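Reading the structure
Here is what each chain is made of, one letter per residue.
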Amino acid sequence: MSSIIQLLPDHVANQIAAGEVVQRPASVVKELLENAVDAKATDIKLIIKDAGKSLVQVIDNGVGMTVTDARLCFARHATSKIRQAEDLFSLGTKGFRGEALASIAAIAHMEMKTKQDQDELGTHIIIEGSKFISQEVAVLPKGTSFAVKNLFFNIPARRNFLKSDTVEFRHVMDEFQRVALAHPNIHFSFYHNGSEMYNLPAAGYRQRIVGIMSGKTNEKLVPVNEETDIISIQGFVCKPEFAKKNRGEQFFFVNDRFIKSSYLHHAVMSAYDGLLKDGSQPSYFLYLQVPPNTIDINIHPTKTEIKFDDEQALYAILRASIKHSLGQFNVAPVLDFDRDANLDTPYHYKDVEAEIPTIQVDGTFNPFTDDKTNQHYSKATSGSSGYSSGSSSSSSGSSYSGSSYSGYSKRVEPTASWESLYVGLDVENPESIESSPFTFENEEVTSSLFDDEEVEQATQKTYQIHRKYIVSPIKSGMIIVDQQRAHQRILYEQFLLNMTVNQAASQQLLFPLDLFYSASEMKLIEELKPSLETTGFVFDESKTDHIVISGIPVNITESEVSQVIEQLLSDLQDGIPANSYSQNDTIAKSMAKSLAVKTGCYLTEKEQDNLVNGLFACKDPNISPFQKPTFITMRVEDIDKKFAL
């Protein structure tokens, strides 16, 4: 019987391995940017077209490669980062597997140009699907340039699974931001379809964060700084009032490598315990430095998951350091309400030694000399006499002396004051005093337009239970309405009607609103602007980092505008639907979810009636916009069965 096991060709093995390393254009961006950082570059440029589907190019001014290294870097498991297995526990670079370039070259058209500083000429290599097309000598600047074109050209199934350009561009933006935030000492620039998205000069952590997010981010940041034997924590957390609905601005960096850790995220959330609204997520940019031998990075090809040796200690230190920062900068409230703020000691005084105060002593002073004794006595005597004659409002001990009391009785004449009230009255004959009749505004009215039998007492028709459900009696029994889902259905149909049929009404603002967002969020808002205008929003202008709103829909308050747009951006993070109806439907659902009355909100009797009547005036009152039941019906027969023996 012939053997059936055979060794796969290299190009087939590379295509299989590429499925783990390269999932979308953002994966190519991540690998190439990290290689540029490992090459000790100080200036890195990223150029993409069509969200990376047509072109991903990374140009750096790093150390470059020799002719041999340029050819060998496309082989599998070829790397300059490690030499032996023990090096995995002392990694100082981003990559170490030696799989990225081989995997990318197997599924795309790749062009590389590289040159070292001491060489006169560089190397130009072209590869298509793991096949070397050409290798030439060329005149090049110092550094390396990788151009990846037509990604997944030989795997059409993978290319068909890619999302829209908007979604893929957002993933590319995320990867660029993660690398740029981790290395503020490197100058990064980013171009998409010929337009500049970012130009970030080398700066500090705060300047890099502000440059990537927006200009208003600076006022939101609270610095965190803690040094211990097992971990060093630096970075910033945002104030609780600037918390968002989504988790877009949450970054952990361990040894300058972006990671995802739900355990450490829980430590941050516990530090904000009691400071955040329900469903809000704080923004944070935390840089952790730990010994390389205490972490394990070799878990997943994306290298975003890390195992720590002592996670419990890191959890406690991270939580305590964030709590300390929030309290230090008076972000978290204190319990001592009678505390005098003037007695607070600044935090930077903790290392300052106390200084001995200078004391001046009068060596000639003698309290037993006759001159000073007589002088003090005369002053005290004159002071007490003046006090007794002129002061009448003091409560000190001297006020009870004889002279003081007599002076007080001479000033006040209570006899004349009370006798003047009774001038002209015959006190000896009280019956002669005539009293006028008194009238009161709150006198009870006993008359009525109708007889008591004809007055019909108004009865309450709806009842609210636990500030969550509304009970309304009907002929066959009663209905129990979920107030939040019912309001979502009402608002959803109103918004959808305004966007498709009616002309939405808009209320003009006296002072326009300035709302600041990141570059990726601004790009999404620009695409949503026509649909938002049909709901009643009026946009004055849009800049690179903020929008100006001068009009809002009539059923939205000014304080809810930011919440509505944030919820909309969160719901559309996976992309905007292609057709207009799906886009309007998504926007109407998102706005209805943001503005609907929440569970726990008290409703008056009139509000309850309006909610129930509005629900049954909808086209489909049975379910909410998110396909959940809005009410249930309980018949009298069902209630009778509950009481049956």
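Check the entry above for the structure.
This text gives an overview of the structure that appears in the document. (Residues numbered from 1 in each chain as written. Predicted model: local features only at pLDDT ≥ 70, side-chain atom pairs only at ≥ 80, totals over all residues. Heavy atoms only, no water.)

1. Section: the nonpolar core
- Judged by nonpolar contacts, the single largest core of 61 residues is most densely connected at Leu-32, Ile-44, Phe-74, Val-148, Phe-176, Leu-181 and Phe-190.
- Per-element tally for this core: the top contributor is helix α6 (residues 165–182), with 8 residues.
- Each residue touching Ile-44, except ones within four places of it in the same chain, is listed here: Leu-33, Ala-36, Val-37, Val-58, Ile-59, Asp-60, Ile-186, His-187, Phe-188 and Ser-189.
- In terms of nonpolar packing, the next biggest core, distinct from the first, is built from 32 residues, Leu-509, Ile-547, Ile-587 and Met-591 among them. (Core = buried A, V, L, I, M, F, W, Y, C linked by side-chain atoms within 4.5 Å. Buried < 20%, exposed > 50% of the residue type's maximum accessible area, 1.4 Å probe, protein only. Helix = DSSP H or I, 4+ residues; strand = E, 2+ residues; numbered from the N terminus. Contact = heavy atoms within 4.5 Å.)

2. Side note on the sheet that holds strand β22 (residues 631–635)
- What the 4 strands build is an open sheet, ordered β16-β17-β18-β22; its pairing is antiparallel. Strands with a single pairing partner mark the edges of an open sheet, and in this sheet they are β16 (463–465) and β22. Mean inter-strand twist for the sheet, computed between neighbouring axes without regard to direction, equals 25°.
- Sheet topology note: the strand β17 (residues 469–474)/strand β18 (residues 477–482) ladder contains 6 bridges and is antiparallel. Across the sheet, Tyr-469 pairs through a bridge with Asp-482, a residue of β18.
- Helix α13 (residues 483–500) contacts β16, β17 and β18 of the sheet and is inclined by roughly 75° relative to β18.
- Seen against the sheet, helix α18 (residues 636–643) touches β18 and β22 and runs at an angle of roughly 65° to β22. (Pairing = 2+ DSSP bridges. Axes fitted to C-alpha atoms, helices over the stretch in contact; angles between N-to-C directions.)

3. A word on the packing of helix α8 (residues 262–271) against helix α9 (residues 311–328)
- Here α8 crosses α9 at 30°, and the two axes come no closer than 8 Å. With respect to each other, α8 and α9 are oriented roughly parallel. In this structure, α8 meets α9 at a crossing whose hand is right-handed. Taken together, the residues of α9 that come into contact with α8 (itself represented by Tyr-263, Leu-264, His-266, Ala-267, Val-268, Ser-270 and Ala-271) are Glu-311, Gln-312, Leu-314, Tyr-315, Leu-318, Arg-319, Ile-322, Lys-323 and Leu-326.
- Taken together, the residues that form the contact of α8 with α9 break down as 10 nonpolar, 3 polar and 3 charged. (Parallel < 35°, antiparallel > 145°, perpendicular 65-115°, else oblique. Left-handed = near helix turned anticlockwise from the far one by under 90°. Nonpolar A, V, L, I, M, F, W, Y, C, P; charged D, E, K, R; others polar.)

4. Digging into the sheet that holds strand β10 (residues 232–238)
- Reading across the sheet, the 5 strands line up as β9-β10-β13-β11-β12 and stay open at both edges, with mixed pairing between neighbours. On the outer flanks of this sheet lie β9 (221–227) and β12 (258–259), each paired with one strand and no other.
- Alignment of strand β11 (residues 250–254) against strand β13 (residues 284–289), held across 5 bridges, turns out to be parallel. From the neighbouring strand, Gln-250 faces β13, where its bridge partner is Tyr-284.
- Against the sheet, helix α7 (residues 205–212) makes contact with β9, β10 and β13, and its axis sits at roughly 35° relative to β10, the strand it touches most.

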